[in-house]
Amino acid sequence: MPKAATIYAEPCPETHEITDDFDAFVIGTYKRWSASAVECYLREGRCEGCYYERFFADKPYECKMKLSVEQLLDTLGKPRSQLLERVPS
């Protein structure tokens with residue numbers, strides 16, 4: 001059984017302090033494009049009308065899929081055309 005992703009705090013590059021800001025956390029390593037990430041990529045990170053916008057509506061935190069897409073683009077590049085074709089638009 002695979003282990004759950006460990007959450008690590010990233011220190012600020014300038015001050016080397018660990019902040020309480022959730023955006024400063026790195027969650028796992030990005031190894032593949034998920035269907036949700038491809039959908040967010042195709043939506044150009046616009047949350048209006050996205051399933052996750054409704055899912056996170058009553059949560060005290062926001063969706064971080066746009067940040068995940070940015071990480072995927074940096075590490076893996078754009079999703080393959082086969083993945084783009086599978087995601088309904």
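See above for the structure.
Residues numbered from 1 in each chain as written. Predicted model: local features only at pLDDT ≥ 70, side-chain atom pairs only at ≥ 80, totals over all residues. Heavy atoms only, no water.

Asker: Help me understand the overall build of the protein chain in this model?
Answerer: For the protein chain, the count of helices and strands is 4 helices and 2 strands. Listing the helices and strands of the protein chain from first to last along the sequence gives β-β-α-α-α-α. Out of the 89 residues belonging to the protein chain, those deemed buried represent 17%. Expressed as a percentage of contacts within the protein chain between residues at least 6 apart in sequence, the contacts between residues at least 24 apart total 57%. Accessible area of the protein chain: about 7,400 Å², with a carbon and sulfur share of 54%. (Helix = DSSP H or I, 4+ residues; strand = E, 2+ residues; numbered from the N terminus. Buried < 20%, exposed > 50% of the residue type's maximum accessible area, 1.4 Å probe, protein only. Contact = heavy atoms within 4.5 Å. Areas by Shrake-Rupley, 256 points an atom, 1.4 Å probe, with all protein chains shown as cover.)

Asker: What should I look at first to understand the nonpolar core in this one?
Answerer: Proteins that are soluble and globular tend to have nonpolar side chains buried together. Core analysis: the biggest nonpolar cluster contains 9 residues, these being Trp 33, Ala 37, Val 38, Cys 40, Met 65, Val 69, Leu 72, Leu 83 and Val 87. Looking at this core, the elements that each hand over two or more residues are helix H1 (35–42) and helix H3 (65–76). Not counting chain neighbours up to four residues away, the residues in contact with Val 87 comprise Ala 35, Val 38, Glu 39 and Leu 42. (Core = buried A, V, L, I, M, F, W, Y, C linked by side-chain atoms within 4.5 Å.)

Asker: Explain the packing of aromatic side chains here, please?
Answerer: Geometrically, a pair of aromatic rings is defined through the distance of the ring centres and the angle of the planes. Within the structure shown, the criterion is met by 7 aromatic pairs. Between the aromatic rings of Tyr 51 and Tyr 52, the centroid separation amounts to 4.9 Å while the plane-to-plane angle is 75°, which identifies the pairing as edge-to-face. Judged by relative accessible area, Tyr 52 falls into the partly exposed class, the value being 24%. Among the aromatic residues, ring-to-ring pairing joins Tyr 51, Tyr 52, Phe 55, Phe 56 and Tyr 61 into one connected group. The positively charged end of Lys 59 is found above the aromatic ring belonging to Phe 55, 4.5 Å away from the centroid. (Phe/Tyr/Trp six-rings, centres within 6.5 Å; stacked < 30°, edge-to-face > 60°. Lys NZ or Arg CZ within 6 Å of the ring centre and 35° of its normal.)

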